[in-house]
Protein chains: 2
Amino acid sequence: MKISTKGRYALRLAIDVARQQESGPVSLREVSERQGFSVKYIEQLAGLLMHAGILESTRGAHGGYTLARDAANISAGEILRASEGSTAPVACLDDDFGVCPMREQCTTISFWEGLDKVIETYVDSVSLADLASQPIQEGEMCEFEVDLS
Amino acid sequence: MKISTKGRYALRLAIDVARQQESGPVSLREVSERQGFSVKYIEQLAGLLMHAGILESTRGAHGGYTLARDAANISAGEILRASEGSTAPVACLDDDFGVCPMREQCTTISFWEGLDKVIETYVDSVSLADLASQPIQEGEMCEFEVDLS
DNA sequence: CTCCTTTCCTATTGTTTTACAAGGATATCT
DNA sequence: AGATATCCTTGTAAAACAATAGGAAAGGAG
């Protein structure tokens, strides 16, 4: 049960924008240099976050992205749902799934609903401001996209 | 972030065994008929659960599987970890990953650790006895492996 | 002893998803 | 004009997933 690079990169993209946007719109070129992403890949993620009303863009030279709202008002859950599609642990709990016709006979649904709930509660309780306020260190970049060889 | 069929089927397999084992070892043929699984596929899962000390087997005719321990003493988390490998939301928190060399500079690790913790706490709080004690209905089978066409 | 059932173990295969890259259109600042 | 960006769709190699296949070993029934 893993979060994909979409969700992980989208989080770090949002954190990067939150931290850097005071000096104007943050371009994906800058972000990619700081975070070790390819511009072409995070373009897609930026698009998703924009569509979800999390980022705003200004096009053209010196353009880039800014937060559409205050960082304190954006949750990690929102970012993950926008990038990953959903944080539900089983497909039958996705918003677009509708009601499962087998729901009444299902022995595991209430277990999955409980899991879904603790996940949502947690990711919605953490704001982008919380994430962005951690001390900044040299050589930012992370998780495990690290070549250990 | 989805649980794969391994984890979902393994849970239902364990529930089925828990419910049926009073009348002797439960064969995978029976389970597959009740749950709509292929015998060949859940053979693998049964093997994983056995290796993890959750199931015990008796071979030969009239053989099958029984719980290695009391159902109240087996958690859903154990079953998921045995079948899925891990319930951690990011690979750097898997047991076999070791310590990430970038950990100190990572802006998201504490967020993922928190998520991992709420997931583990929840799945370890639910026992197989809890799951198996739900009322049994006709046409048992579930989740969303249902042909909606 | 021989069939039948069942677990056990390891490949192999087909499909889907992931993680990007490519190419080009559109917008804006200098 | 030209450089720098976002925007938008499509393509693709590799990995993961879901399941199948084939057969060995063990134990009960006739």
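For clarity, every value in this text was computed on a predicted model and none was experimentally measured. (Residues numbered from 1 in each chain as written. Chains lettered and ligands numbered in written order. Predicted model: local features only at pLDDT ≥ 70, side-chain atom pairs only at ≥ 80, totals over all residues. Heavy atoms only, no water.)

**Some points on unusual backbone geometry**
Even without glycine at this site, H62 of chain A takes up a positive phi of about 60 degrees. Among the structural elements, H62 of chain A can be located in the loop between strand 1 (55-58) and strand 2 (64-67). (Helix = DSSP H or I, 4+ residues; strand = E, 2+ residues; numbered from the N terminus.)

**Here we look at helix 3 (residues 39-51) of chain A**
Each turn of an α-helix holds 3.6 residues, which means side chains three or four residues apart point in the same direction. Residue and element names in this part refer to chain A. Here helix 3 is 13 residues long and its end C-alpha atoms lie 18 Å apart, about the 18 Å a rise of 1.5 Å per residue gives. By the burial criterion, the buried members of helix 3 are I42, L45, A46 and L49. Buried residues of helix 3, seen end-on, are gathered within an arc of 105 degrees and therefore sit on one face of the element. Away from the buried face of helix 3 by more than 90 degrees, exposed residues K40, Q44 and H51 are located. Looking at the buried side of helix 3, the elements it contacts are helix 1 (5-20), helix 2 (28-35), strand 1, strand 2 and helix 4 (76-84). (Expected span 1.5 Å × (residues − 1). Buried < 20%, exposed > 50% of the residue type's maximum accessible area, 1.4 Å probe, protein only. Arc of directions from axis to C-beta. Contact = heavy atoms within 4.5 Å.)

**Digging into the protein's contact with DNA strand D**
If you check the shell around DNA strand D, you find 24 residues, and the closest are R29, S57 and Y65 of chain A together with K40 and Q44 of chain B. Of all atoms in DNA strand D that approach within 4 Å of the protein, 60% are sugar or phosphate atoms. For DNA strand D, a base oxygen lies 3.2 Å from a polar atom in the side chain of R59 of chain A. In this structure, R59 of chain B approaches DNA strand D through a side-chain N or O atom, which is 3.0 Å from a base nitrogen. (Near = heavy atom within 4 Å. Polar contact = N/O pair within 3.5 Å; in protein donor to acceptor, adjacent residues only side chain to side chain.)

These figures come from the coordinates and say nothing about function on their own.
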